[in-house]
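One-letter residues, chain by chain:
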Amino acid sequence: MPSPSIRKLLLHESPDLDAAFSSWLLRRFGEDRYAGVQDAELTFSPVGELPEGRTADDLELEGILAVDTGGGRLDNHGQTAPTSSSLLVATDLGINNDRALEKLLRFVHRNDVTGEGIRSSDPTDQLLSLPTILRGLNVLFPGNPRKVVEDVHGMLDAIYATEVDWFEALSDADRGRWLTTSTGARIMGIVSESSAAMKVGRFRKADLVVHRSSRIIGITLTRRGKLDRAPFLDRA
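Owing to the predicted nature of the structure, the values given are computational and were not obtained by experimental measurement.

Visitor: When you look at the packing of helix H3 (residues 85-93) against helix H4 (residues 102-114) in this model, what are you seeing that I'm missing?
Guide: The angle between the axes and the distance between the axes are what describe a pair of packed helices. Here H3 crosses H4 at 140 degrees, and the two axes come no closer than 8 Å. Compared by their axis directions, H3 and H4 come out oblique. Contacts between H3 and H4 involve Ser 86, Leu 87 and Ala 90 from the first element and Leu 105, Val 108 and His 109 from the second. Classifying every residue of the contact of H3 with H4 by side-chain character gives four nonpolar, two polar and no charged.

This is the structure in structure tokens:
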């Protein structure tokens, strides 16, 4: 039997990264599975508590989906094996193998299960990490968890867009053309609308990238390009 239309997402107060990411996944990718969820209102209750003693299943029948709280199927708390709500949600939606989500999902899952954020020991990197930013939002807006989560959703939109753009460029590079000059320089030609086309050229170890899109034709000597190969630029 199909789920009723979802009008609210219920998260715990002082939302952490797992809760914010789980709700973002549902809003961004869950419409086919949960009609209405892309526009669902964010609501909050004390950690581990559900309104009026109801269960997560009871709430879902009323159009309220409890996520990362309340002990339901989309809450990692009380599961038989350590996991994250994000992984439960991604699996439930069938997007756990989306390669543009892979790094985000791995990071949030690791952070929630082991408490490990970024693996850099540099304090500047630690300060600018997503979990630290989220904690700061909770400090700035202690009475407004909805704003905290919405702000994090915007950051996740940007991160995901970057990953989608990157994989678009990789796919376009697979259809590209390669030329090796007599001096050994490797030239990659790529037709792509992705802003990451030049970056992919460096990643694929090209010395020169010729990039054409609907807006530009660009030629870039990558950082890998060596000075002793530069003369090939003057040759027909």
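Visitor: It is not clear to me how the confidence of the model for the chain should be interpreted in this structure. Could you clarify?
Guide: It should be kept in mind that the predicted coordinates are not to be read in detail where pLDDT is low. Scored by pLDDT, the chain comes out at a mean of 91, with 93% of its residues at no less than 70. Mean pLDDT across the elements of the chain ranges from a minimum in strand S7 (residues 217-221), with 88, to a maximum in helix H1 (residues 17-29), with 98. With pLDDT under 50 throughout, residues 231-236 is counted as low confidence; its partners more than four residues away or in other chains account for eight contacts.

Visitor: Explain the pattern of salt bridges to me, please; I cannot follow it from the model alone.
Guide: Charged atoms that come close allow side chains of opposite charge to pair. Per the counting criterion, the structure on display carries 15 salt bridges. A salt bridge links Arg 110 to Glu 116, with the nearest nitrogen and oxygen atoms 3.8 Å apart. Classification of Arg 110 as buried rests on a relative accessible area of 15%. Since its relative accessible area comes to 29%, Glu 116 is described here as partly exposed. Overlapping salt bridges bring together Arg 33, Glu 60, Arg 73 and Asp 92 as one network.

Visitor: Would you mind showing me how to read H3 here?
Guide: Side chains that are three or four residues apart share a direction in an α-helix, a result of its 3.6 residues per turn. Regarding H3, the residues found buried are Ser 85, Ser 86, Val 89, Ala 90 and Leu 93. End-on, the buried residues of H3 take up no more than an arc of 130 degrees, which puts them together on one face. On its buried side, H3 packs onto H1 and H4. Gly 94 sits one or two positions beyond H3 and adopts a positive phi of about 75 degrees.

Visitor: What am I meant to see in the layout of surface pockets here?
Guide: A probe as big as a water molecule, rolled over the atoms, marks out the empty space that is left. Estimated volume of the largest pocket: approximately 170 Å³. If you trace the largest pocket, you find it lined by Lys 103, Leu 104, Phe 107, Ile 118, Leu 128, Ser 129, Leu 130, Ile 159 and Glu 163. Elements supplying a minimum of two residues to the lining of the largest pocket: H4 and helix H7 (145-174). Among the elements that make up the lining of the largest pocket, the one with the highest residue count is H4 (three residues).

Visitor: It is not clear to me how the packing of aromatic side chains should be interpreted in this structure. Could you clarify?
Guide: Each aromatic ring pair is described using two quantities: the centre-to-centre distance and the angle formed by the ring planes. On inspection of all chains with the given rule, the structure shows five aromatic pairs. Between the aromatic rings of Trp 24 and Phe 29, the centroid separation amounts to 5.7 Å while the plane-to-plane angle is 85 degrees, which identifies the pairing as edge-to-face. By relative accessible area, Trp 24 is classed as buried at 2%. Here Phe 29 falls in the partly exposed class, since its relative accessible area comes to 22%. Consider the rings of Trp 166 and Phe 203, whose centres lie 5.3 Å apart with planes at 75 degrees: the pair is edge-to-face. Of this pair, Trp 166 sits in helix H7 while Phe 203 sits in helix H8 (residues 197-203); the two residues are 37 residues apart in sequence, bridging distant segments of the chain. Using a relative accessible area of 13% as the deciding quantity, one classes Trp 166 as buried. An aromatic cluster is present here, built from Phe 21, Trp 24, Phe 29 and Tyr 160 joined pairwise through their rings. It is Lys 199 that lies over the ring of Trp 166; its NZ or CZ is 5.3 Å from the centre.

Rules behind the numbers
Residues numbered from 1 in each chain as written. Predicted model: local features only at pLDDT ≥ 70, side-chain atom pairs only at ≥ 80, totals over all residues. Heavy atoms only, no water. Axes fitted to C-alpha atoms, helices over the stretch in contact; angles between N-to-C directions. Helix = DSSP H or I, 4+ residues; strand = E, 2+ residues; numbered from the N terminus. Parallel < 35°, antiparallel > 145°, perpendicular 65-115°, else oblique. Contact = heavy atoms within 4.5 Å. Nonpolar A, V, L, I, M, F, W, Y, C, P; charged D, E, K, R; others polar. pLDDT = per-residue confidence, 0-100. Salt bridge = Lys/Arg side-chain N within 4 Å of Asp/Glu carboxyl O. Buried < 20%, exposed > 50% of the residue type's maximum accessible area, 1.4 Å probe, protein only. Arc of directions from axis to C-beta. 1 Å grid on protein atoms, 1.4 Å probe; cavity = no way out; pocket = protein on both sides within 12 Å on 5 of 7 lines; lining within 4 Å. Points joined across faces, edges and corners; volume = space filled by probe spheres on them. Phe/Tyr/Trp six-rings, centres within 6.5 Å; stacked < 30°, edge-to-face > 60°. Lys NZ or Arg CZ within 6 Å of the ring centre and 35° of its normal.

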